[in-house]
Amino acid sequence: MLNYELVVIGGGPAGLAAAIEARKNGVQNILVLERDLELGGILQQCIHNGFGLHIFKEELTGPEYAQRFINELLEMDIEYKTDTMVLDISEIKTITAVNKQDGLIQISANAIILAMGCRERTRGAIRIPGTRPAGVFTAGTAQRFINIEGYMVGRRIVILGSGDIGLIMARRLTLEGAKVLAVAELMPYSSGLTRNIVQCLHDYDIPLLLSHTVTDIRGKDRVTGVTISKVDQNLKPIPGSEKEYQCDTLLLSVGLIPENELSLQANIKLDPRTGGPIVNESMETSVEGIFACGNVVHVHDLVDYVTEEAQKAGAGAADYIFEEITEKIPAVPIVPQEGVNYIIPQNIRIDNLNGFLDLMLRVTSVYRNAKICVRADEKTIKEVKRPHLSPGEMERVRLNSNIMKTIRPKTISLYIDGEKTQYAI
Amino acid sequence: MFDILIIGAGICGTSIARELTRFKLKIALVDKENDVSNGTTKANSAIIHAGYDPKPGTLMAELNSRGNPMFDTLCSRLQVPFKRIGSLVLAFNDTDLKTLGKLYKQGIQNRISKMEIIDRDQLRNLEPEINPAAIGALYAQTAGIVGPWELAIALAENAIDNGAELYLNSPVVSINKVDKVFTVTTDSAQFRSKVVINCAGVQADKINNLIAPPEFKIMPRRGEYYVLDKTAGKMVRHVVFQPPGDLGKGVLVTPTVHGNVLIGPNSERVSRDDAIETTAQGLEYIQKTAQQSFTNIPLHQTINIFAGLRAEPDTGDFIIAESPTVKGFINIAGIKSPGLSAAPAIAEKVVGIVDSILPALKPNQDFIETRREIIHFAELSDKAKARLIKKDPRYARIICRCENITEGEIVDAIHRNAGATTVDSVKRRVRPGTGRCQGGFCMPRVIEILAREQNQEMDNILKDGLNSPVLTGMTKSEEIRESEPAFTAPQLKEVEC
Ligand SMILES: Cc1cc2nc3c(=O)[nH]c(=O)nc-3n(C[C@H](O)[C@H](O)[C@H](O)COP(=O)(O)OP(=O)(O)OC[C@H]3O[C@@H](n4cnc5c(N)ncnc54)[C@H](O)[C@@H]3O)c2cc1C
Ligand SMILES: Cc1cc2nc3c(=O)[nH]c(=O)nc-3n(C[C@H](O)[C@H](O)[C@H](O)COP(=O)(O)OP(=O)(O)OC[C@H]3O[C@@H](n4cnc5c(N)ncnc54)[C@H](O)[C@@H]3O)c2cc1C
């Protein structure tokens, strides 16, 4: 059995930043375990730019962004193992992993940080009827084939879902000589960044069909076509609105799901709203000494926020290892109310707060001229104005820890006050 | 010249092939698809029925009740997943209870053991999450669940180990008979054989009509399904049927041998014999109907949907006989449900028919009942895992992170007899891509391994059927590759054995 003060599972941007931050806070004995052949996580296949605007104030590509952290990790001499898959973690923080060099290894850790990222929702999950031919890909898998393996996935493409990955892939495929016929989106708004809609669709004359979905897939061996239908306000296809598209490929960009099989093995409580662990202000899960950050907790739009969250987890794990935590049990729940879908963290330990408390949240609908309101027990203590709110974009509300320490609320809740458009999720 | 040529490598064709390799016979097993079990055998409820359901006196009743008890030995010898979990037919009112009584009586006539009619409390004990409106059930302890394609693949592999020859990608286009010898022609080869056995599933009438007058008609009936993720797996413990109606055994909810939940099928007459697409209406019907058994079905945990075709014969019963007009031509047709349950018994029956056609069958002294060991890495103890990795480090490389499947297992599946050649055929054997991510992460790796092991380019690797390339060429080189056909049919050649 190997022993480490801290084991980080997953070497994507979250795992890297968490390990680096823990070292900066004095943790010597750290091991990062990564399943893939290289560190960097999903960023290695995101070769477009636009990463790092918040943290580095420049536009980096995904691999460039990841490389900055990989370099720092190497400079700090933090130990890592790639091509190493974690199979199991237990509540008492024993990790079982496997790789070709060491075979099956068992590791005991004082603290663990979970940074396993997320996976994509599939065709089955959204239950599109039709045949089951080759040519139906999730957008991330297609991105991997094209950007890492160097293979094309098709020539005439329909994309379902207008999340950022779908938008980026529309442009990528076009640049590779494929014809993207349309991007269909179930909701009446895109969940992607406006920047991406302009740069990836408008600039290439690719139509974005809002309130549309794919209702049939045809083709025995390879996709020969799909049917796209308009949907009503309840998101149900409208009979008679079907339109057929001849294509050889359907790309699905229909959402991401935090990857929490390991968390469940360790009996960590998940939040049904996020699909990820319930965490406190230091990103500690319901199991003492096991922390989580990045897409394994909730799906992020911007990697910069992943990095910030991971730094919190790294610092939190260091505090835990050095027993610098005064209050152990989280006492104050943070509750989503009217218009708020979820909030991270789900609970806090007031005495443990320092500087700012950042709350990350997603709303349930599109709002105009809205306010995000923070209530401490019965009293509204803060209102943040937003001209526009959308479920596709994560919001941040910053609270002052000193104020929290003075008022010492029993619960904190967040709600939205504003003009809701007619659609709800 | 072959002694036996079997058309169709579904559960019937593979069962018969394997059973006949117990004798000194030259056997060819021919299928139009590029893998065995790619017809109805890969898309059904996977239930080994207890046998109370078919009408007494029919072949279906006889062979179901004879086939069911054969599964324990067969599946353990061939390392195929099989679990005798028992089945429940629910009753919601007095009429349903009467129906259960009839089924029970029918079961007695079919000589089915271990059946009982249980009350609401007993039912709740067996299935805690069942709809409380159910007032009782027919409990049949001998019903089981199996991996249907795993079984057909295992039977084919074992048949080949024992001397049979498998010809895939070989659609039969014509059959002739001259001087007691059949010539069976596929799109690329000719076979000569003394006996021909037609196991062509929904196409069995077409194969019959190539050589004999039309004696029966197959009317395909489609059944659609949902597969739920393993996290939903605990909601159901038995095969749960609703009271039978006009459309057969109705919508069922059952665990699968791998711990997923299967929900379906509906029953819809279709005009094409390849109509295996799912439909919005069909899926909606199943959803509504299944909710009568379990009110809280987590359909959001669906990981896959699929459909299969029942080979409904116009005669109403299995057809298992030598053609009355063409001697030496045996029809195994109309093998609808419970075809899977009956398959081992069908194979035994066919041995009898062959025995009456060919001169005295001699036993094959070298016949082996078992297959070379198959390793399931995820199911090994930590010690066994460590030992295995020392011997072969390919078992340390996890390819499928949902099901923890290693490179070693995939390579083995490719190199076995009746081995995997496509992404889906790897999936049917060792399950990468059957989990939550449905291949999102592992498909690129599986393609890479298939390409390496078969000395192919990655963009030649197929998903499933012959025209199903996953990739369409290298990036920035569309024009160069576009002209290349995905598949070239070989020259017509005589197959000698
Ligand atoms: C397909 C896709 C495309 C994206 N494109 C963009 C984009 O263009 N722009 C953007 O800002 N954001 C994008 N994102 C969001 C992006 O994922 C996040 O911003 C960020 O990469 C998340 O970091 P992470 O470290 O949490 O997860 P990841 O980057 O996914 O890293 C998780 C790591 O954990 C490893 N791992 C998982 N399980 C195990 C295990 N059991 N054992 C060992 N290792 C394990 C994985 O191999 C992976 O390397 C994309 C996400 C996806 C899924
Ligand atoms: C919805 C549904 C649910 C069912 N549930 C159950 C159940 O729970 N329990 C049970 O016992 N049974 C069940 N069954 C029935 C069972 O699945 C079938 O009886 C069984 O799979 C039939 O096997 P087969 O070998 O006869 O046919 P198939 O598996 O269809 O095999 C026929 C083969 O012939 C090949 N072929 C066809 N034409 C040609 C040609 N010209 N040249 C070469 N090859 C050709 C095809 O490619 C195919 O591989 C179900 C069936 C359906 C459709």
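A quick note: this is a predicted structure, and the numbers were derived from the prediction, not measured.

Outline the overall build of chain A, listing residues and values.
Along its length, chain A carries nine helices and 28 strands. Against the globule reference of 22 Å for 425 residues, chain A gives a C-alpha radius of gyration of 22 Å, in line with a compact fold. Over its C-alpha atoms, taken along the principal directions, chain A stretches across nearly 65 × 60 × 40 Å. Across the 425 residues in chain A, those meeting the buried criterion constitute 61%. Restricting to contacts in chain A with at least 6 residues of sequence separation, those with at least 24 account for 64%. Carbon and sulfur atoms provide 48% of the accessible area of chain A, an area that totals close to 16,900 Å². Distance from the positive charge centre (45 side chains) to the negative charge centre (53 side chains) of chain A: 5 Å.

Account for the site of ligand 2, naming residues and giving values.
Residue and element names in this part refer to chain B. Close to ligand 2 lie 37 residues, the nearest being Asp31, Thr41, Ile47, Ile335 and Ser341. Taking Ile335, its main chain carries an N or O atom lying 2.6 Å from an oxygen atom of ligand 2. Pro338 is positioned with one of its backbone polar atoms (N or O) 3.5 Å from an oxygen atom of ligand 2. Computed on the free molecule, ligand 2 has an accessible area of 1,000 Å², of which 97% lies beneath the protein chains in the complex. Contributing elements (two or more residues each) for the shell around ligand 2: α1 (11-20), β13 (218-228), β18 (302-313) and α9 (339-357). Classifying every residue of the shell around ligand 2 gives 16 nonpolar, 16 polar and five charged.

So what's going on with helix α13 (residues 443-453) of chain B? Residues and values would help.
Among the eleven residues that make up α13(B), eight are buried, leaving the element largely enclosed by the rest of the structure. Among the residues making up α13(B), those that are buried are B:Met443, B:Pro444, B:Arg445, B:Val446, B:Ile447, B:Ile449, B:Leu450 and B:Ala451. For α13(B), the elements touching its buried residues are β10 (136-138) and α4 (139-149) of chain A together with β21 (398-400), α11 (407-415) and α12 (423-430) of chain B. Once α13(B) finishes, B:Asn455 follows within two positions and takes phi at roughly 55°, a positive value.

Please give an account of the domain arrangement of chain A that cites residues and values.
Its domain assignment divides chain A into domain 1 (1-120 + 256-325), domain 2 (122-254) and domain 3 (329-425). Here the C-alpha centroids of domain 2 of chain A and domain 3 of chain A sit 34 Å apart.

I'd like a description of the packing of aromatic side chains, backed by residues and values.
Residues and elements named next belong to chain A. Under the definition given, this model contains eleven aromatic pairs over all chains. On the basis of an interplanar angle of 70° and a centroid distance of 5.6 Å, the ring pair of Phe56 and Tyr65 is categorised as edge-to-face. Given the relative accessible area of 26%, Phe56 is considered partly exposed. You can call Tyr65 buried: its relative accessible area is 0%. Arranged with centres 6.2 Å apart and planes meeting at 70°, the rings of Phe291 and Tyr320 form a pair that is edge-to-face. With a gap of 29 residues between them, Phe291 in strand β20 (residues 290-292) and Tyr320 in helix α8 (residues 303-321) connect regions that are remote in the sequence. Tyr320 carries the same exposure label as Phe291, and that label is buried. Ring-pair connections join several aromatic residues into one group, and the members of that group are Phe56, Tyr65 and Phe69.

How would you sum up the site of ligand 1? Please name residues and give values.
All names here are of chain A. Neighbouring residues of ligand 1: 33 residues in total, closest Ala14, Glu34, Ile42, His48 and Asn295. At a separation of 2.9 Å, an oxygen atom of ligand 1 approaches a polar backbone atom of Ala14. Within the contact set of ligand 1, an oxygen atom lies 2.6 Å away from a side-chain nitrogen or oxygen of Glu34. Burial of ligand 1 by the protein amounts to 94% of the accessible area it has alone, namely 970 Å².

Would you mind going over the interface of chain A and chain B in detail, with residue names and values included?
Every contact between the two is made by 45 residues of chain A and, on the other side, 57 residues of chain B. In total, chain A and chain B occlude about 4,400 Å² of area from one another, counting both sides; carbon and sulfur atoms represent 57% of this. For chain A, the biggest contributors to the area lost against chain B are A:Arg127, A:Arg132 and A:Tyr151; these three give 16% of the whole. Two residues, B:Arg445 and A:Glu149, come together in a salt bridge whose shortest N-O distance is 2.8 Å. For the pair chain A and chain B, the number of links is 15 residue pairs in polar contact (both at pLDDT 80 or more). Residue assignment for the side of chain A that touches chain B shows that the elements contributing at least two residues are β6 (85-89), β7 (94-99), β8 (103-114), β9 (118-120), α3 (123-126), β10, α4 and β11 (151-152) of chain A. For the side of chain A that touches chain B, the element with the most residues is α4(A), which contributes five residues. Residues of the side of chain A that touches chain B, tallied by class, amount to 18 nonpolar, twelve polar and 15 charged. Two elements, β11(A) and strand β23 (residues 473-474) of chain B, share two bridges in a ladder whose sense is antiparallel. Within β23(B), the position partnered with A:Tyr151 by the bridge is B:Met474.

If you had to explain the pairing of β6(A) to someone new, which residues and values would you point to?
Residue and element names in this part refer to chain A. Counted residue by residue, β6 has four buried out of five residues, so it is predominantly covered. Looking at chain direction, β6 and β7 are connected through four bridges and run antiparallel. Looking at the pairing, Ile89 lines up with Ile95 of β7. Counted along the chain from β6 to the antiparallel partner β7, the turn is four residues long, and its residue Lys93 has a positive phi close to 65°.

Residue-level account of the nonpolar core, with values.
Residue and element names in this part refer to chain A. Leu6, Val7, Ile9, Ile95, Ile113 and Leu114 are the most contacted members of the largest nonpolar core, which has 67 residues in total. The element best represented in this core is α8, accounting for nine residues. Each of domain 1 (1-120 + 256-325) and domain 3 (329-425) accounts for three or more of the residues forming this core. Once residues within four sequence positions are removed from consideration, Ile113 is found in contact with Leu6, Val7, Val8, Ile9, Ala18, Phe291, Cys293, Ala313, Gly314 and Ala317.

Tell me about the sheet that holds strand β15 (residues 212-218) of chain A, and name the residues and values.
Residues and elements named next belong to chain A. With respect to topology, three strands assemble into an open sheet ordered β15-β16-β17, the strand pairing being antiparallel. Single-partner strands in this sheet number two, and they are β15 and β17 (243-245). Each strand of the sheet is rotated relative to its neighbour by a mean of 30°, with strand direction disregarded. Bridge analysis of strand β16 (residues 225-230) against β17 gives three bridges, and the strand direction is antiparallel. Counted as the bridge partner of Val226 is Tyr245 from β17.

Please set out helix α2 (residues 62-75) of chain A residue by residue, giving values where relevant.
Residue and element names in this part refer to chain A. Taking 1.5 Å per residue, 14 residues should reach 20 Å; α2 reaches 20 Å between its end C-alpha atoms and fits that length. Among the residues of α2, those classed as buried are Gly62, Tyr65, Ala66, Phe69, Ile70 and Leu73. In an axial view of α2, the angular spread of the buried residues amounts to 135°, which keeps them on one side of the axis. In the core, the buried residues of α2 are packed alongside α1 (13-24), β2 (30-33), β3 (49-51), β4 (60-61), β5 (79-81) and α8. Phi turns positive, to about 60°, at Asp77, one or two residues after α2.

Explain the side chain of A:Thr307 to me, and be specific about the residues and the numbers.
All names here are of chain A. Along the chain, Thr307 turns up in helix α8. Looking at Thr307, its side chain comes within polar contact range of the side chain of Tyr65, at 2.5 Å. Residues within four places of Thr307 in sequence aside, it is in contact with Ala17, Ile55, Tyr65 and Phe69.

Can you lay out the sheet that holds strand β24 (residues 356-363) of chain A for me, pointing to particular residues and giving the numbers?
Residues and elements named next belong to chain A. If you walk across this open sheet you meet the three strands as β22-β24-β27, and the pairing is antiparallel. The open sheet terminates on both sides in strands that have one partner only, identified here as β22 (340-344) and β27 (395-400). Shown here is a sheet whose adjacent strand axes are inclined to one another by a mean of 30°, direction ignored. In the sheet, β24 pairs with β27 via six bridges, with the strands oriented antiparallel. Paired with Asp358 across the strands is Arg398, a residue of β27.

Describe the pattern of salt bridges, listing the residues and the values that go with them.
Under the counting rule described, the total for this entry stands at 56 salt bridges over all chains. The salt bridge involving A:Glu149 is made with A:Arg144; its shortest N-O contact spans 3.3 Å. Here A:Glu149 matches A:Arg144 in class, with each residue buried. Residue B:Asp72 pairs with B:Arg84 through a salt bridge whose shortest N-O separation is 2.5 Å. Note that B:Asp72 is positioned in helix α3 (residues 71-78) and B:Arg84 in the loop between β4 (82-83) and β5 (87-91), a separation of twelve residues in sequence. By relative accessible area, B:Arg84 is classed as partly exposed at 30%. Through salt bridges with shared partners, a single ionic network connects A:Asp36, A:Lys100, A:Arg144, A:Glu149, B:Arg397, B:Glu407, B:Arg445, B:Glu448, B:Arg452 and B:Glu453.

Reading guide: rules and limits
In every chain, residue numbers begin from 1 and rise along the written sequence. Both sets of labels track the order of writing: A upward for chains, 1 upward for ligands. Given that this is a predicted model, residues contribute local features only at a pLDDT of at least 70 and side-chain atom pairs are listed and counted only at 80 or more, while totals for whole chains, interfaces and linings are drawn from all residues. Heavy atoms from the whole structure form the basis of all side-chain values; hydrogens and water molecules are not counted. Secondary structure follows DSSP: runs of H or I at least 4 residues long count as helices, runs of E at least 2 residues long count as strands, and numbering of each begins at the N terminus. Restricting the calculation to C-alpha atoms gives the radius of gyration, and the globule rule supplies 2.2 Å times the number of residues raised to the power 0.38. Residue burial is assigned from relative accessible area. The probe radius is 1.4 Å, only protein chains are included, and a residue is buried under 20% of its type maximum, exposed over 50%, and partly exposed in between. When checking whether two residues touch, look at their non-hydrogen atoms; a contact exists if any pair is within 4.5 Å. We get accessible surface area from the Shrake-Rupley algorithm with a probe of 1.4 Å; when it comes to residues, only the shown protein chains can shield them. When charges are counted, neither His nor the chain ends are considered; positive counts come from Lys and Arg and negative counts from Asp and Glu. Lys charges are placed at NZ, Arg charges at CZ, Asp charges at CG and Glu charges at CD. Nearness is defined per residue: one heavy atom within 4 Å of the molecule or strand is enough. Any pair of N or O atoms that falls within 3.5 Å is considered a polar contact. Within protein, one atom must be able to donate a hydrogen and the other to accept it, and sequence-neighbouring residues count only if both atoms are side-chain atoms. Residue polarity follows a fixed list, in which Ala, Val, Leu, Ile, Met, Phe, Trp, Tyr, Cys and Pro are nonpolar, Asp, Glu, Lys and Arg are charged, and the others, Gly among them, are polar. Start and end points for every domain follow an automatic or database-based domain assignment. Planes of paired rings set the category: under 30 degrees apart is stacked, over 60 is edge-to-face and the rest tilted, where pairs are Phe, Tyr or Trp rings (Trp by its six-membered ring) whose centres lie within 6.5 Å. Using a 1.4 Å probe, buried area is obtained as the accessible area two parts lose upon being combined, added over both of them. Salt bridges, as used here, are contacts in which a Lys or Arg side-chain nitrogen is within 4 Å of a carboxyl oxygen on Asp or Glu. For two strands to be treated as a pair, DSSP must find at least two bridges joining them. By convention a nonpolar core is built from buried Ala, Val, Leu, Ile, Met, Phe, Trp, Tyr and Cys residues, the set being connected through side-chain atoms within 4.5 Å. Between the N-to-C directions of two axes lies an angle of 0 to 180 degrees, each axis being a line fitted to C-alpha atoms and, for a helix, fitted only over the stretch in contact. Expected span of a helix, by definition, is 1.5 Å for each gap between consecutive residues, and there is one gap fewer than residues. Think of the arc as the fan of directions from the helix axis to the C-beta atoms.

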